[in-house]
Amino acid sequence: MKKTIRDNLEQVHKNMASACARSGRDIRQITLIAVSKTKPLEDLQMAYDLGVRDFGENKVQEILQKAPQMPSDVRFHMIGHLQRNKVRQVLPHVSVIHSVDSVRLASEIQQEAQRIDRIVDILLEVNVAGEESKFGFSPEEVMEALSSICNFSHIRVCGLMTIAPFVENSEKNRPVFQKLFQLYVDIKRKNIDNVSMSVLSMGMTGDYEVAVEEGATMIRVGTGIFGAR
Ligand SMILES: *Cc1c(COP(=O)(O)O)cnc(C)c1O
């Protein structure tokens, strides 16, 4: 039988609670982002009616279609690779951009944010495992990128994001999450202006429980809520 969004959400909340119990964390420190890419508006509306307010999308076109049709208290998170020439279109519709992977992209966001007089929250995407196929700064590049981006008046760097490798056994990604957490703590200690390090976006359907145990403050779950794409 096909699992409903309601059942799935309940299961995810239970799993989050167990992971919190195992690691001595408070579930209120963790935001569940429902990744609704490719899914129809009815599915988003259903999740909304069940209390979800944070949605993750990876394509500008899809955000432009969906955002105006959802209630105004919904927050859209841009989690996919963002091209500089699409920043202007998408900016009014997103609350956090998780996928900032270059200083040039940050600079484009700064220009647009200044133009519309808004401070934009961003995360830096880090390719922790060094996968060729993935976007993101290498862990070694993050500090240098921050030293430029922290000067941008209309950008607030709120934290880090990573997409861990696809693995059968989620334990394999534990060292990836530990490494990102360590980087997050190291940067936080430096107390850089305009850099707050309060968000750690890591963990997807296959590995969010491990990510929660290792300090995630945002998890991005698609399949585990809406079913297979
Ligand atoms: C699709 C996607 C997710 C969700 O993936 P699931 O495995 O379906 O939970 C999370 N993060 C990013 C960046 C994605 O593109």
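Preceding this section is the structure that the text describes.
Here is a short report on the structure shown in this document.

Cut-off values and rules
- Residues numbered from 1 in each chain as written.
- Predicted model: local features only at pLDDT ≥ 70, side-chain atom pairs only at ≥ 80, totals over all residues.
- Heavy atoms only, no water.
- Helix = DSSP H or I, 4+ residues; strand = E, 2+ residues; numbered from the N terminus.
- Buried < 20%, exposed > 50% of the residue type's maximum accessible area, 1.4 Å probe, protein only.
- Contact = heavy atoms within 4.5 Å.
- Areas by Shrake-Rupley, 256 points an atom, 1.4 Å probe, with all protein chains shown as cover.
- Lys, Arg positive; Asp, Glu negative; His and termini not counted.
- Charge placed at Lys NZ, Arg CZ, Asp CG, Glu CD.
- Near = heavy atom within 4 Å.
- Polar contact = N/O pair within 3.5 Å; in protein donor to acceptor, adjacent residues only side chain to side chain.
- Nonpolar A, V, L, I, M, F, W, Y, C, P; charged D, E, K, R; others polar.
- Expected span 1.5 Å × (residues − 1).
- Arc of directions from axis to C-beta.
- Phe/Tyr/Trp six-rings, centres within 6.5 Å; stacked < 30°, edge-to-face > 60°.
- Lys NZ or Arg CZ within 6 Å of the ring centre and 35° of its normal.
- Core = buried A, V, L, I, M, F, W, Y, C linked by side-chain atoms within 4.5 Å.
- Salt bridge = Lys/Arg side-chain N within 4 Å of Asp/Glu carboxyl O.

## Some words on the overall build of the protein
- Broken down by element type, the protein carries nine helices and eight strands.
- Seen through its C-alpha atoms, the protein measures out along the principal axes to roughly 50 × 40 × 30 Å.
- Looking at the protein residue by residue over its 229 residues, the buried ones come to 52%.
- Considering only contacts within the protein whose residues lie at least 6 apart along the sequence, 58% involve residues at least 24 apart.
- A total accessible area of about 11200 Å² is found for the protein, and carbon and sulfur atoms account for 48% of it.
- Looking at the protein, you have 29 positive and 29 negative side-chain charges, and the mean spots of the two groups are 2 Å apart.

## Concerning the site of the ligand
- Neighbouring the ligand are Val35, Lys37, Ile79, Ile163, Met204, Thr205, Arg220, Val221, Gly222, Thr223 and Arg229.
- Thr205 is positioned with one of its side-chain polar atoms (N or O) 2.4 Å from an oxygen atom of the ligand.
- Protein burial of the ligand: of its 390 Å² of free accessible surface, 89% is covered by the chains.
- Its residues assigned to classes, the shell around the ligand comprises five nonpolar, three polar and three charged.

## So, helix α1 (residues 5-23)
- With 19 residues, α1 should reach 27 Å at 1.5 Å per residue; the first-to-last C-alpha distance of 27 Å fits that figure.
- Of the positions making up α1, those classed as buried are Ile5, Asn8, Leu9, Val12, Asn15, Met16, Ala19 and Cys20. An end-on view of α1 places all buried positions within 140° of arc, on one side of the element. With respect to the buried face of α1, the exposed residues turned more than 90 degrees away are Arg6, Ala21 and Arg22.
- Tucked into the core, α1 has its buried residues touching β1 (31-35), α2 (41-49), α8 (208-213), β8 (218-221) and α9 (223-226).

## Section: the packing of aromatic side chains
- Summed over the entire model, instances satisfying the criterion amount to two aromatic pairs.
- Here the aromatic rings of Phe55 and Phe76 are separated by 6.1 Å at their centres, their planes lie at 35°, and the arrangement is tilted. Here Phe76 lies in strand β3 (residues 75-78) and Phe55 lies in strand β2 (residues 54-57), a separation of 21 residues in the sequence.
- Among the residues examined, Phe76 registers a relative accessible area of 3% and is labelled buried.
- Centroid distance Phe181 to Tyr184: 6.0 Å. Interplanar angle 40°. Geometry classified as tilted. Of this pair, Phe181 and Tyr184 both sit in helix α7 (residues 174-189), three residues apart, roughly one helical turn.
- For Phe181, a relative accessible area of 31% translates into the label partly exposed.
- In this structure, Arg53 is placed above the aromatic ring of Tyr48, and the distance from its NZ or CZ to the ring centre is 3.6 Å.

## What to know about the environment of Val94
- With respect to the secondary-structure elements, Val94 resides in the loop between α4 (87-90) and β4 (96-100).
- Exposure remark for Val94: the relative accessible area of 5% places this residue in the buried category.
- On a C-alpha basis, the gap between Val94 and Gln182 in space is 28 Å, while along the polypeptide they are 88 residues apart.
- Setting aside its immediate chain neighbours within four residues, Val94 contacts Ile63, Phe76, Met78 and Arg118.

## Brief notes about the nonpolar core
- With 69 residues, the main nonpolar core has Phe55, Ile97, Ile109, Ile122, Leu124 and Leu160 as its most contacted residues.
- A per-element tally of this core places α7 first, with seven residues.
- Excluding residues within four positions of it along the chain, Leu160 makes contact with Leu123, Leu124, Val126, Val142, Leu180, Leu183, Tyr184, Ile187, Met197, Val199, Leu200 and Ser201.

## Side note on unusual backbone geometry
- Despite not being glycine, Thr38 has its phi angle at roughly 70°, a positive value.
- The topology assignment puts Thr38 in the loop between β1 and α2.

## Overview of the pattern of salt bridges
- In total, this model carries 14 salt bridges according to the counting rule given.
- In this structure, Lys66 and Glu62 form a salt bridge, with 2.8 Å as the shortest nitrogen-oxygen distance. Of this pair, Lys66 and Glu62 both sit in helix α3 (residues 60-66), four residues apart, which is roughly one turn of the helix. We note that Lys66, like Glu62, is buried.

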